[in-house]
Amino acid sequence: MQNRTVVAAHLLPHLRRARDLADRHYAEPLGLDDLAAAAHVSRCHFSRSFTAAYGEAPTRYLTRRRIERAQDLLRSANLTITEVCLLVGFRSLGSFSSRFRELVGESPTAYRDRYAATGAPRIPGCFLFMRGIDPPPVSHGPQAP
């Protein structure tokens, strides 16, 4: 028999807030303390509750989001592996490469080269650094003072 933790309904919006923080700010140096603070609960309670609600630990979720974003960049941008590593929030190329291989099943270089051989033209890296990797916010007309 599995031991399943049930997450209290009142806690779910707080967990979503922390997950949204990880989704929006994946490139920043976020840690478990930052995510727990966004959910307004203790670090241990947050970790247990997040894992029960989403099926994976919060740090693993953040790593997976970073690797997914790295996959996007490797498919579409003309950037080095090191540039991609730093843009998605990893501080170490070794950690990035090992996590990438663990989650994707191949090295970042092999992944990029496979898509470069068959994919569409890639976005120049200088353009990404000038404009940023995320789209600019959408303006909804003039704002009233």
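This text follows the structure it describes.
Residues numbered from 1 in each chain as written. Predicted model: local features only at pLDDT ≥ 70, side-chain atom pairs only at ≥ 80, totals over all residues. Heavy atoms only, no water.

The next subject is the overall build of the chain. Across its full length, the chain holds eight helices and two strands. Along the chain, helices (α) and strands (β) appear in the sequence α-α-α-α-β-α-α-α-β-α when read from the amino end. A separation of at least 24 residues holds for 59% of the contacts in the chain among residues at least 6 apart in sequence. Surface exposure of the chain reaches about 9200 Å², of which carbon and sulfur atoms provide 55%. (Helix = DSSP H or I, 4+ residues; strand = E, 2+ residues; numbered from the N terminus. Contact = heavy atoms within 4.5 Å. Areas by Shrake-Rupley, 256 points an atom, 1.4 Å probe, with all protein chains shown as cover.)

A few words now on the packing of helix H1 (residues 12-24) against helix H4 (residues 58-76). Relative orientation of the contacting elements H1 and H4 amounts to 30 degrees, with a least axis distance of 9 Å. Regarding the angle of H1 to H4, the classification is roughly parallel. In terms of crossing hand, the pair formed by H1 and H4 is right-handed. Of H4, the residues touching H1 (which contributes Arg19, Ala22 and Asp23) are Tyr61, Leu62 and Arg65. Tallied by class, the residues present in the contact of H1 with H4 amount to three nonpolar, no polar and three charged. (Axes fitted to C-alpha atoms, helices over the stretch in contact; angles between N-to-C directions. Parallel < 35°, antiparallel > 145°, perpendicular 65-115°, else oblique. Left-handed = near helix turned anticlockwise from the far one by under 90°. Nonpolar A, V, L, I, M, F, W, Y, C, P; charged D, E, K, R; others polar.)

Time to look at the packing of H4 against helix H7 (residues 108-118). One way to put it is that H4 packs onto H7 with a least axis distance of 8 Å and a crossing angle of 45 degrees. Judged by the inter-axis angle, H4 sits oblique to H7. In this structure, H4 crosses over H7, and the sense of that crossing is right-handed. Between H4 and H7, the contacting residues are Gln71, Leu74 and Arg75 on the first element and Pro108, Tyr111, Arg112 and Tyr115 on the second. Of the residues that constitute the contact of H4 with H7, the class distribution is four nonpolar, one polar and two charged.

Time to look at unusual backbone geometry. Phi at His40 is positive, roughly 60 degrees, even though this residue is not glycine. Looking at the element boundaries, His40 is found in the loop between helix H2 (32-39) and helix H3 (43-54).

What follows covers the packing of aromatic side chains. By the definition in use, this model includes seven aromatic pairs. Between Phe50 and Tyr54, the aromatic rings sit 4.8 Å apart at their centres with planes inclined by 55 degrees, giving tilted as the arrangement. On the criterion of helical spacing, the pair formed by Phe50 and Tyr54 is a turn pair, its members being four residues apart in helix H3. Between Arg75 and the ring centre of Tyr115, over which it is positioned, the NZ or CZ distance is 5.7 Å. (Phe/Tyr/Trp six-rings, centres within 6.5 Å; stacked < 30°, edge-to-face > 60°. Lys NZ or Arg CZ within 6 Å of the ring centre and 35° of its normal.)

Now for H7. Residues lying three or four places apart along an α-helix face the same way, a consequence of the helix completing one turn every 3.6 residues. Residues of H7 that are buried: Pro108, Tyr111 and Arg112. On an axial view of H7, the arc spanned by its buried residues comes to 95 degrees, and they lie on one face. When the buried face of H7 is taken as reference, the exposed residues oriented beyond 90 degrees from it are Ala117 and Thr118. Those residues of H7 that are buried lie in contact with H4, helix H5 (81-87) and helix H6 (93-104). (Buried < 20%, exposed > 50% of the residue type's maximum accessible area, 1.4 Å probe, protein only. Arc of directions from axis to C-beta.)

A pair can form between side chains of opposite charge whenever their charged atoms are brought close. Going through the model one piece at a time under the given rule, you end up with 11 salt bridges. In this structure, Arg99 and Glu102 form a salt bridge, with 3.5 Å as the shortest nitrogen-oxygen distance. You can see Arg99 and its partner Glu102 sitting in helix H6, three residues apart, about one turn around the helix. Judged by relative accessible area, Glu102 falls into the partly exposed class, the value being 45%. Where salt bridges share partners, they join Asp23, Glu56, Arg64, Arg65 and Glu68 into one cluster. (Salt bridge = Lys/Arg side-chain N within 4 Å of Asp/Glu carboxyl O.)

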